[in-house]
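Commentary on secondary and tertiary structure
The chain contents come next:
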Amino acid sequence: MITFDNIITKFQEFAEDNFFIKSFSYGSPSDSDLDKFEEYPIMHVVYTGASYSGGTKTYSLEVYIMSIPPAEGDKTLYQKADITNAERVAEDILADLERGGNIFAFDYLFQLGSASVTPLEEKKSNTLAGCLLDLSIIVPYTHDS
């Protein structure tokens, strides 16, 4: 059976292998302490829960892919580039889940349930930019105890 731990391990491997992502973390949104990250862009995965139907379990995840534009220069220009790059990373994740299996390869069958991408811009102190990938992963569930 594919567990939450298995999924997080695969996301961490993906982040480590991706040329764009420099830091990885997981947990609640409040666990993504921006001061602890030394390198950006970051990937932070939030497990929002699971649902069960028949013989399947559906994991719901939020994947934040964020960067901080440089202090100097046109912030709007950098934010546009950061959102574009983050969306490309999200699409790489989806492609690997859907077709590739280069990173997201498990010993059990699974499928991508749903996915959506939302651009994110934080214009306050940190000026974060990137995207949020909401996705669900459907795995077999045999009701074992």
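Our subject is the structure listed above.
Model, not experiment: these values are computed from the prediction. (Residues numbered from 1 in each chain as written. Predicted model: local features only at pLDDT ≥ 70, side-chain atom pairs only at ≥ 80, totals over all residues. Heavy atoms only, no water.)

For helix α1 (residues 4-17), with 14 residues, the first-to-last C-alpha span of 20 Å sits near the 20 Å given by 1.5 Å per residue. All buried positions along α1 are accounted for by I7, I8, K10, F11, F14 and A15. Projected down its long axis, α1 shows its buried positions confined to an angular sector of 160°, all on one face. In α1, the exposed positions that point more than 90 degrees away from the buried face belong to D5, E16 and D17. (Helix = DSSP H or I, 4+ residues; strand = E, 2+ residues; numbered from the N terminus. Expected span 1.5 Å × (residues − 1). Buried < 20%, exposed > 50% of the residue type's maximum accessible area, 1.4 Å probe, protein only. Arc of directions from axis to C-beta.)

A few words now on the sheet that holds strand β2 (residues 42-53). Hydrogen bonds between backbone groups are what pair the strands of a sheet, and the pairing can be parallel or antiparallel. Taken in spatial order, the five strands of this open sheet run β1-β2-β3-β5-β4, and their pairing is mixed. The sheet terminates laterally at β1 (23-26) and β4 (111-121), the two strands that pair on one side only. Along the sheet, successive strands turn relative to each other by an average axial angle of 20°, direction set aside. Relative to β2, β1 runs parallel, the two sharing four bridges. Counterpart to Y26 in the pairing with β2 is V45. (Pairing = 2+ DSSP bridges. Axes fitted to C-alpha atoms, helices over the stretch in contact; angles between N-to-C directions.)

Here the focus is the nonpolar core. In this structure, F11, M43, V63, I65 and I93 are the most contacted members of the largest nonpolar core, which totals 29 residues. Of the residues forming this core, the biggest block, six residues, is contributed by helix α2 (residues 75-100). Once residues lying within four places of it in the same chain are set aside, the contact partners of I65 are F20, I21, I42, A86, V89, A90, I93, A129, G130 and C131. (Core = buried A, V, L, I, M, F, W, Y, C linked by side-chain atoms within 4.5 Å. Contact = heavy atoms within 4.5 Å.)

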